[in-house]
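Coordinate analysis (summary)
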Amino acid sequence: MSQSSSPFKPSASPATWLGVMGGGQLGRMFAHAAQKMGFKVAVLEPALDCPAGQVADQLLSAGYTDSDGLNRLAAQCVAVTTEFENVSAQSLSYLAEKAFVAPAGECVAVAQDRLAEKRFFVECATTSGVFPAAHKEIKTAADIDQIPDDLLPGILKTARLGYDGKGQVRVKTREEVRDAFAAMNGVVCVLEKMLPLAYEISVLAARGADGQAVVYPIAENVHRDGILFTTMVPGPHIGKDAAAKAQAATLAVIEQLGYVGVLCIEFFVLTDGSVVVNEMAPRPHNSGHYTIDACVTSQFAQQVRAMARLPLGDVRQHSPAAMLNILGDIWFEPGADDKTSAPREPAWDKVLAIPGANLHLYGKDVARRARKMGHVTFIAPTMEEAQANLNNACAILGIAP
Ligand code: ADP
Ligand code: MG
């Protein structure tokens, strides 16, 4: 790995290449931002047709642990980042012997495992001022006998590989924990106490190789069926105290990790006003998509700057923003059988007629229910207008507001 702290500047000839592990929509939007600044982008991803591969200057089709693929990526690129947290941390450490890698494999490893993540949050609590939900590790059926009664009702989550509410089951009784754990096929789980949420927020931050950190305005998130539904910035419920607490906690965590890159932390604000840390993503986040259209520097441009050791950009938000996720469900008639009914393209022309609508589609040619196909961010002079325009889009698209 290059030990020099000099930046990797864009260059036309020879081109300066940046690499990304993963070919999903986050890689696609990363590529857009990098190319806008004059970098060329290589994507390592096993799937041949993928959102990031469609726009990358080069798609290296290989598995995330394939040493030949990793060698080619490291040889071509001055710096490498990741677009999803389940890329093997060992692959990132391997790449780091040959190229600058941000975030580091050790940081990604913490975010990959809910138990390691919660341990880390507890270690950080004296400086961050926030704790995760009460929880217990469930490795074997015998661990279920040891659960304190007050952890129920709770949520049983797989320690690894869960996302968008997948790999988690809500449980009310010890019997339900047993059944849910048995259905997880023996993988290590964490049982978390079900908390009374008032609302959910996320804090997006970035830290450069020089240790400079920035934090974006706080986002308020609504989830449906465990999947992000909308993000509002500024959030209609966020109080000054909760905002300050979550932002300070995020800066403490990013500092303690010695992190380089973009990091997003999800928090719960409870009905009594207290703030609880939920989980973190070692990459740009769905709740940060609003930054593309509403901030001076988008989360993807920030990712490029951090990995290229360039100065971080201004995080200032110039317009209120309301982001609506577009899932594959709206390609199908409500309640229709997806196998027999043909998908139909949503009425994008009508959505784009709404003032301040910014449509982002990820290039996925097959729509499936619960699959993230794109998002629309509504920019308006006031949050009320942005929200009203989002509701208008929901009505057009047949989404319950
Ligand atoms: P994922 O990795 O799928 O995003 P999360 O842990 O963030 O998993 O859980 C998804 C959603 O489930 C959260 O955004 C929240 O709405 C709900 N949830 C998760 N944990 C709890 C909890 N302990 N108490 C109440 N709701 C929770
Ligand atoms: Mg989450």
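Here's the deal with the coordination of the magnesium ion (ligand 2)
Distances from the magnesium ion (ligand 2) to its protein donors, Glu266 (OE), Glu266 (OE) and Glu279 (OE), fall at 1.9 to 2.7 Å. Linking Glu266 in strand S15 (residues 261-270) with Glu279 in strand S16 (residues 275-281), this pair joins segments that are 13 residues apart in sequence. Exposure remark for Glu266: the relative accessible area of 11% places this residue in the buried category.

Here we look at the site of ligand 1
Not every one of the 20 residues close to ligand 1 is listed here, only the nearest: Lys157, Gly165, Glu200, Asn278 and Glu279. Between Gln168 and ligand 1, the recorded distance is 3.1 Å, taken from a side-chain N or O atom to an oxygen atom. Contact distances for ligand 1 include 3.0 Å between a nitrogen atom and a side-chain N or O atom of Glu192. Notes on ligand 1: free accessible area 540 Å², of which the protein chains cover 93%. Secondary structure elements with two or more residues in the shell around ligand 1: strand S8 (154-158), strand S9 (168-171), strand S10 (189-193), strand S11 (197-207), S15 and S16. The class makeup of the residues in the shell around ligand 1 is six nonpolar, five polar and nine charged. When residues are assigned to domains, the shell around ligand 1 turns out to be shared by domain 2 (134-193) and domain 3 (197-397), each giving three or more.

What to know about the side chain of Ser298
The topology assignment puts Ser298 in the loop between helix H9 (290-294) and helix H10 (299-307). For Ser298, a relative accessible area of 12% translates into the label buried. Look past the residues within four positions of Ser298 in its chain and what remains in contact with it is Tyr216, Thr291 and Ile292.

Considering the domain arrangement of the protein chain
In many reports, interface size means the accessible area that the parts give up when they come together. Once the domains are mapped, the protein chain shows domain 1 (17-101), domain 2 (134-193) and domain 3 (197-397). The distance between the C-alpha centroids of domain 1 and domain 3 comes to 23 Å. The interface is formed by 22 residues belonging to domain 1 together with 23 residues belonging to domain 3. Between domain 1 and domain 3, a total of about 1,800 Å² is buried, with carbon and sulfur atoms accounting for 70% of that surface. If you sort the residues of domain 1 by the area they bury against domain 3, Leu26, Met29 and Phe100 come out on top, with a joint share of 30%. Counting across the domain 1 and domain 3 interface gives five residue pairs in polar contact (both at pLDDT 80 or more). Put simply, the parts of the chain that give the side of domain 1 that touches domain 3 at least two residues each are strand S1 (17-21), helix H1 (25-36) and strand S4 (79-82).

Conventions and cut-offs
Residues numbered from 1 in each chain as written. Chains lettered and ligands numbered in written order. Predicted model: local features only at pLDDT ≥ 70, side-chain atom pairs only at ≥ 80, totals over all residues. Heavy atoms only, no water. Donors = N, O, S within 2.8 Å, 3.2 Å for Na, K, Ca; no water. Helix = DSSP H or I, 4+ residues; strand = E, 2+ residues; numbered from the N terminus. Buried < 20%, exposed > 50% of the residue type's maximum accessible area, 1.4 Å probe, protein only. Near = heavy atom within 4 Å. Polar contact = N/O pair within 3.5 Å; in protein donor to acceptor, adjacent residues only side chain to side chain. Areas by Shrake-Rupley, 256 points an atom, 1.4 Å probe, with all protein chains shown as cover. Nonpolar A, V, L, I, M, F, W, Y, C, P; charged D, E, K, R; others polar. Domains from an automatic or database assignment. Contact = heavy atoms within 4.5 Å. Buried area = accessible area lost by both parts, 1.4 Å probe.

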